[in-house]
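# Report on the structure
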Amino acid sequence: MVFFHSRPSWQLSESQVTPERMFWQRRRFMKSLIGAGVGLAAASAGSCQRSKAMDADLSLTLGEPLTGATLNSAFTDAGRPPTDQAFASSYNNYYEFGGSKNIWPAAQALPTDPWTLEVTGLVKTPTTFDLDDLTQRFALEERIYRFRCVEAWAMVVPWIGFPMKALMAAVEPTSEAKFVKFTSYYDPEVCPGPGLVSVRGLPWPYTEGLTVAEMANDLAFFAVGIYGRTLPKQHGAPIRMVTPWKYGFKGAKAIVKIEFVAEQPATYWNTLAPDEYKFEANVDPEVPHPRWSQAKERLLGASTAQFAWEEQPTVIYNGYGEYVAGLYA
Ligand code: MTE
């Protein structure tokens, strides 16, 4: 993304390919957990079986089993096999916790319990939900979605959560509401940021936005889980946005506030670099990023090695045109 990477993310930095350095980073992380007396539940055999490549330390971060979700039959086949979790959950963008893809150890500092999500603004029923309210009030479903980062890497992940329109129905936006602003958790004491001197004054907290019509679309989803378990912190626990026809930066993690508003809200990336990261940000092979083409994408973990990328053509709306093209006609 802008300012943090002088090269596309799929050109790997040394720290991402040096197994020895990774090994020591993980040892330090485990030591800090033990030092702090943190008792993380051991990962289930189930999650370990998903990948022989799963690092034992990474598996400790993967959340609790999340049962009772129904597989949504419209979203069982994303046209590609799901990405191995060992790759999806160790190659992340979460700039509150660092500027590299290897933020999963640092993201474990995110405090997620207790958690409240305030829904406010132009709604008839402003409501503050805690996590139990959200997971008990809205029927949980599993959806296998394609995911496309603006940096041109892609994956397929099984999310668990509920449609955004279910939450809209609960709070009843008024007719004046045209846009929705989503705000991520941020505490400067907890979130070190990307750690570069050159990026002082970033527009924290991370914010994103949708139109009310986009939020009401069938595809728009709030995820509270992934791969059959609660969301790992590196993916934005305990609740994040998922809008699979848009570039991944639209999917704000660890959401604490949702506001229905009349005007298009300022958002994090659009504020930092409006020419590079548009508010709409729909996946489109014909519209290059100013610094690279979007015609092709690289599948994360397409082979047994995380960085053995496979190139595929990018598809308009990430393949979800039948659901969303009408929004932009
Ligand atoms: N949300 C917050 N709060 N902070 C971030 O840095 N990065 C975004 C998005 N949501 C980001 C965020 C970007 S650029 C991408 S590509 C996706 O999260 C990555 O999601 P993943 O790490 O779960 O794959």
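Refer to the structure printed above.
Residues numbered from 1 in each chain as written. Predicted model: local features only at pLDDT ≥ 70, side-chain atom pairs only at ≥ 80, totals over all residues. Heavy atoms only, no water.

This paragraph deals with the side chain of T83. Within the secondary structure, T83 sits in the loop between β1 (70–71) and α5 (85–88). On the accessibility criterion, T83 (7% relative accessible area) is buried. Once residues within four sequence positions are removed from consideration, T83 is found in contact with A88, M155, V156, Y227 and L300. (Helix = DSSP H or I, 4+ residues; strand = E, 2+ residues; numbered from the N terminus. Buried < 20%, exposed > 50% of the residue type's maximum accessible area, 1.4 Å probe, protein only. Contact = heavy atoms within 4.5 Å.)

Attention now goes to the environment of S293. Inspection of the secondary structure puts S293 in the loop between α9 (268–272) and β12 (296–299). When its relative accessible area of 45% is taken as the criterion, S293 is described as partly exposed. Taking the C-alpha atoms as reference points, S293 and A152, 141 residues apart in sequence, are found 8.3 Å from one another. Looking at S293, its side chain comes within polar contact range of the main-chain nitrogen of A295, at 2.9 Å. (Polar contact = N/O pair within 3.5 Å; in protein donor to acceptor, adjacent residues only side chain to side chain.)

All right, on to the pairing of β12 then. Two faces make up the sheet, and in a regular strand the side chains alternate between them. Pairing of strand β5 (residues 153–163) with β12, which is carried by two bridges, proceeds in the parallel orientation. Looking at β12, one finds that W153 is bridged to R298. Of the pairings in the sheet, the one linking β12 to strand β13 (residues 310–313) comprises four bridges and is antiparallel in character. Bridged to K296 within β13 is P313. (Pairing = 2+ DSSP bridges.)

What follows deals with the pattern of salt bridges. For the structure shown, the criterion picks out 10 salt bridges. Between K165 and D218 there is a salt bridge, with its nearest N and O atoms 2.4 Å apart. Of this pair, K165 sits in helix α7 (residues 164–171) while D218 is found in the loop between α8 (212–215) and β8 (221–226), placing the two residues 53 residues apart along the sequence. Ionic pairing is found between E311 and K296, a salt bridge with its closest N-O pair at 3.9 Å. With E311 in strand β13 and K296 in strand β12, this pair connects stretches of sequence that are 15 residues apart. It is possible to trace a salt-bridge network through shared partners that takes in R80, R148 and E297. (Salt bridge = Lys/Arg side-chain N within 4 Å of Asp/Glu carboxyl O.)

For the coordinates displayed, the defined rule picks out 21 aromatic pairs. Both rings, one in F249 and one in Y277, keep their centres 5.4 Å apart while their planes meet at 75°; by these two values the pair is edge-to-face. Of the two residues, F249 sits in the loop between β10 (240–242) and β11 (255–261) while Y277 sits in the loop between α9 and β12, which places them 28 residues apart along the sequence. For F249, a relative accessible area of 6% gives the class buried. Judged by its relative accessible area of 0%, Y277 is buried. Of the aromatic side chains, those joined through ring pairs into one cluster are Y95, Y186, W204, Y206, F249, Y268, W269 and Y277. Positioned above the aromatic ring of F279, the side-chain terminus of K250 is 4.2 Å from the ring centre. (Phe/Tyr/Trp six-rings, centres within 6.5 Å; stacked < 30°, edge-to-face > 60°. Lys NZ or Arg CZ within 6 Å of the ring centre and 35° of its normal.)

By themselves, these figures tell us nothing about what the structure is for.
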